[in-house]
Amino acid sequence: KYGLKKWSDIKDDYKPMKLDKSITEDNVKELFKAEKGKDYMGFSDYLGRKMILPKKTFDNHTTGHYLNDEERRHQIFPHVKDILNNPDEVWLNERNQGKFNSHYVKFYNDRAVIVNVHLNNQMEGLEIQTWYNLKRDDSKERLGIKIK
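Everything numeric here is computed off the predicted structure, so don't read it as measured data.

A.B. asks: How would you sum up the overall build of the protein chain? Please name residues and give values.
C.D. replies: Across its full length, the protein chain carries 4 helices and 7 strands. Against the 2.2 N^0.38 benchmark of 15 Å for 148 residues, the protein chain shows a C-alpha radius of gyration of 15 Å, consistent with a compact globule. With respect to the principal axes defined by its C-alpha atoms, the protein chain has extents near 45 × 35 × 25 Å. Looking at the protein chain alone, contacts between residues at least 24 apart form 57% of all its contacts between residues at least 6 apart. Just so you have it, the protein chain exposes about 8,800 Å², and 47% of that area is on carbon and sulfur atoms.

This is how it looks when you write it as structure tokens:
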């Protein structure tokens, strides 16, 4: 709809993501810096919108199969802040009836990474749900209303 090129066609325009191989299952917990007295970590995006990453979400996405060579979520995590502050694209979409989320997309030569943020109606704020490598067809992730 927007006439955008697929990531696979533009990836040569980007540098590879630098992953810190010293981040392991044993030390990844050190990366979680909770707000004082809270069970979440605070972030802001490129427009200064505040959002949180609950400890439970961080813990879920930095253990088990998320650590394998295909996922590497523990080693991608240090890039989440930069992806939110300097996304190449941001998409707003309705994932379920009345529930909205945004995909912050950052392109690299070796991967495209998506940080999925949704509006948490119970707390009336933005919450990071996950971060991951683009693995399926672009049109399944780069969809909805392109807001950046």
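A.B. asks: Any details on the environment of leucine 31? Residues and values, ideally.
C.D. replies: Here leucine 31 shows up in the loop between helix H1 (7-10) and strand S1 (40-44). Each C-alpha atom of the pair leucine 31 and glutamate 70 lies 21 Å from the other, and the pair is 39 residues apart in sequence.

A.B. asks: Summarise the pattern of salt bridges; cite the residues concerned and give the values.
C.D. replies: Counted under the stated rule, the structure contains 11 salt bridges. Here aspartate 69 and arginine 72 are joined by a salt bridge, their closest N and O atoms 2.9 Å apart. Residue classification places arginine 72 among the buried positions, given a relative accessible area of 17%. Residue glutamate 71 is joined to arginine 73 by a salt bridge in which the shortest nitrogen-to-oxygen separation is 2.8 Å. Each of the two residues, glutamate 71 as well as arginine 73, counts as buried.

A.B. asks: A description of the environment of glutamate 127 should follow, citing residues and the corresponding values.
C.D. replies: Among the structural elements, glutamate 127 can be located in strand S6 (residues 125-133). For glutamate 127, a relative accessible area of 11% corresponds to the buried category. Along the chain, glutamate 127 and threonine 57 lie 70 residues apart, while their C-alpha atoms are 9.7 Å from each other. When sequence neighbours within four positions are dropped, the list of residues in contact with glutamate 127 reads Ile52, Pro54, Thr57, Asn116, Val117, His118 and Asn120. A polar contact is formed between the side chain of glutamate 127 and the side chain of glutamine 129, at a distance of 3.2 Å.

A.B. asks: I'd love a proper account of unusual backbone geometry, names of residues and values included.
C.D. replies: Its identity is not glycine, yet arginine 72 carries a phi of approximately 50°, on the positive side. Relative to the assigned elements, arginine 72 resides in the loop between helix H2 (55-60) and helix H3 (73-76).

A.B. asks: How would you explain the nonpolar core if you had to name every residue and give the values?
C.D. replies: Counting 23 residues, the largest nonpolar core has Phe43, Leu84, Val115, Ile128 and Trp131 as the members making the most contacts within it. When contributions to this core are tallied by element, the ones reaching two or more residues are S1, strand S2 (50-54), helix H4 (80-85), strand S5 (112-120) and S6. Residues contacting phenylalanine 43, with those up to four places away along its chain left out, are Arg49, Lys50, Met51, Leu53, Phe77, Val80, Lys81, Leu84 and Ile128.

Calculation rules
Residues numbered from 1 in each chain as written. Predicted model: local features only at pLDDT ≥ 70, side-chain atom pairs only at ≥ 80, totals over all residues. Heavy atoms only, no water. Helix = DSSP H or I, 4+ residues; strand = E, 2+ residues; numbered from the N terminus. Rg over C-alpha atoms; globule rule 2.2 N^0.38 Å. Contact = heavy atoms within 4.5 Å. Areas by Shrake-Rupley, 256 points an atom, 1.4 Å probe, with all protein chains shown as cover. Salt bridge = Lys/Arg side-chain N within 4 Å of Asp/Glu carboxyl O. Buried < 20%, exposed > 50% of the residue type's maximum accessible area, 1.4 Å probe, protein only. Polar contact = N/O pair within 3.5 Å; in protein donor to acceptor, adjacent residues only side chain to side chain. Core = buried A, V, L, I, M, F, W, Y, C linked by side-chain atoms within 4.5 Å.

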